[in-house]
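Notes for the structure review
The residues making up each chain are set out below.
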Amino acid sequence: FLHGKSISFALGDASMAYDNVHRNPQTAGMKLFRRHLIFLRPSIIVIYDELEADHAAEWTWLIHSPFEISLDDPSRKFSVATTTAKCRVDQFGSSDLLIELGTKFEPEPVNFRGIKGPDGKILEYKDQWHIYSRPQQKSEKFRYLSVFQINFVGDASGFVEPETENGMVKLEGWEIIAELDTEKKASFSIIHTERKKALIYNVDEVVLGEETYQPEVPGSTLLLEIMGEREIQEEAIDVFPRGRN
């Protein structure tokens, strides 16, 4: 976890979350699932997923909403509006994506415990909207880059159309480069050259202004924010939760 004035970052490892070791053990074959979550204030969220299995797997990136989702481009883009906010998501993968929209849970949820709502009545699990984003071919490794723009409902400015070229996504002054080629090491750099802010992961160096910054630990994540004479520089490597064997 890293935290600055304009950038906040968290990394989670769910590599062991898909196996069941109790009662009837099941092995999903998941070898790696690392999710990098980046908040670029005030209104951009970036998610970078590293995925690896011990077999050619069908990867499916899922997101759910009680509010209606609009599938604006089945290869890249979808959006949703709630009572208070609206969101556009642009998504990229190691290969071309096919994004599908559904309205049914699989499997259908059943309130077998008879849980009641605030009104004292048995809760009914209503249908929601679901996004299923998949590569068109199975693979042992895959990576996703998902870029969220979030605005208040009353914001008349609308969403910005990201510029994409040579693996770079340009949005609101940010340059987002994520390595999606699974034959190369996972890495990303998110840089705002005008504001002199950056977040890099598994990258050797970054240039802000006339200065070159290098991580002290190879493979780490480095956050930089230069604000006049004040400088935020934080670096982090994996830290496992307390109590883990």
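What comes next concerns the included structure. Each chain has its residues counted from 1, following the order in which its sequence is written. This being a predicted model, a pLDDT of at least 70 is required before a residue's local features are given, and a value of 80 or more before pairs of side-chain atoms are given or counted; all residues contribute to the totals for chains, interfaces and linings. Derived side-chain values reflect all non-hydrogen atoms in the structure, with water molecules and hydrogen atoms excluded from consideration.

1. Focus on the sheet that holds strand E8 (residues 85-93)
Strands were regarded as paired on the criterion that DSSP finds at least two bridges between them. Secondary structure elements are defined from DSSP: runs of H or I of at least 4 residues count as helices, runs of E of at least 2 residues count as strands, and each element is numbered from the N terminus. Spatial ordering of the open sheet is given by E1-E2-E3-E4-E11-E8-E7-E6, a layout of eight strands whose pairing is antiparallel. Edge positions in the open sheet fall to strand E1 (2-3) and strand E6 (69-73), since each of these has one partner strand only.

2. Considering the pattern of salt bridges
Pairs can form between side chains of opposite charge once their charged atoms are near each other. Each reported salt bridge corresponds to a side-chain nitrogen of Lys or Arg within 4 Å of a carboxyl oxygen of Asp or Glu. Under the definition given, this model contains 12 salt bridges. Measuring nitrogen to oxygen at the nearest pair gives 3.0 Å for the salt bridge that ties Glu161 to Arg88. Of this pair, Glu161 sits in the loop between strand E11 (139-152) and strand E12 (163-165) while Arg88 sits in strand E8, placing them 73 residues apart in sequence. Its salt-bridge partner being Glu165, residue Lys170 comes within 3.2 Å of it at the nearest N-O pair. For every residue, the accessible area obtained with a 1.4 Å probe (protein chains only) is divided by the maximum for its type, and the residue is called buried under 20%, exposed over 50%, and partly exposed between those limits. What makes Lys170 partly exposed here is its relative accessible area of 26%. Through salt bridges with shared partners, a single ionic network connects Arg76, Arg88, Asp90 and Glu161.

3. Some words on the nonpolar core
As used in this record, nonpolar core signifies buried Ala, Val, Leu, Ile, Met, Phe, Trp, Tyr and Cys residues forming a set joined through side-chain atoms within 4.5 Å. Ranked by internal contacts, the top residues of the largest apolar core, which has 25 residues, are Ile38, Leu40, Val46, Leu145, Phe188, Ile190 and Leu199. Membership of the second largest hydrophobic core comes to 18 residues, among which are Met30, Leu51, Ile99 and Tyr144.

4. Considering a nonpolar patch on the surface
Note on patches: the residues involved have over 30% relative accessible area and no salt bridge, like charges join within 9 Å, and the nonpolar side chains Val, Leu, Ile, Met, Phe, Trp and Tyr join within 5 Å. Working definition of accessibility: Shrake-Rupley area with a 1.4 Å probe, residue cover restricted to the visible protein chains. Where nonpolar side chains cluster on the molecular surface, the patch consists of Ile115, Leu123 and Tyr125 and spans about 260 Å² of accessible area. Along the polypeptide, Tyr125 turns up in the loop between strand E9 (97-102) and strand E10 (129-135).

5. Some details on the side chain of Ser15
Tracing the backbone shows Ser15 in the loop between strand E2 (7-13) and strand E3 (30-40). Classification of Ser15 as buried rests on a relative accessible area of 10%. For this analysis, a polar contact is any N or O atom pair within 3.5 Å, provided that within protein one partner can donate a hydrogen and the other can accept it, and provided that sequence-adjacent residues contribute only side-chain to side-chain pairs. In terms of polar contacts, Ser15 uses its side chain to reach the side chain of Asp13, at 2.5 Å. In this structure the side chain of Ser15 is engaged in a polar contact, spanning 2.9 Å, whose partner is the backbone nitrogen of Phe33. In what follows, a contact means two residues having at least one pair of non-hydrogen atoms within 4.5 Å. The residues touching Ser15, leaving out its near neighbours within four places in the chain, are Met30, Lys31, Leu32 and Phe33.

6. Comments concerning the packing of aromatic side chains
The pairing test for Phe, Tyr and Trp rings, Trp by its six-membered ring, is centres within 6.5 Å, and the orientation test on the planes gives stacked under 30 degrees, edge-to-face over 60, and tilted for anything in between. Using the criterion set out here, one finds seven aromatic pairs in the structure. Ring geometry for Tyr48 and Phe188: centres 5.7 Å apart, planes at 80°, overall edge-to-face. With Tyr48 in strand E4 (residues 44-57) and Phe188 in strand E15 (residues 188-192), this residue pair connects regions lying 140 residues apart in the sequence. The class of Phe188 is buried, set by a relative accessible area of 2%. Centre to centre, the rings of Phe188 and Tyr201 are 5.5 Å apart; their planes meet at 40°, and the pair counts as tilted. You can see Phe188 sitting in strand E15 and its partner Tyr201 sitting in strand E16 (residues 197-201), a full 13 residues away along the chain. Each member of the pair, Phe188 as well as Tyr201, is classed as buried.

7. A closer look at the sheet that holds strand E13 (residues 168-171)
Ordered by their spatial adjacency, seven strands build an open sheet running E12-E13-E14-E15-E16-E19-E20, and the pairing between neighbours is antiparallel. A strand with exactly one partner marks an edge of an open sheet, and here the two such strands are E12 and strand E20 (230-236). Each strand axis lies, on average, 10° off the axis of its neighbour in the sheet, ignoring direction. Where E16 lies against strand E19 (residues 221-227), five bridges are found, and the strand directions are antiparallel. Residue Ala198 lies in a different strand from E19, and its bridge partner there is Leu224. Axes, fitted as lines to C-alpha atoms, cover a helix only where it is in contact. Angles between the N-to-C directions of the axes lie from 0 to 180 degrees.

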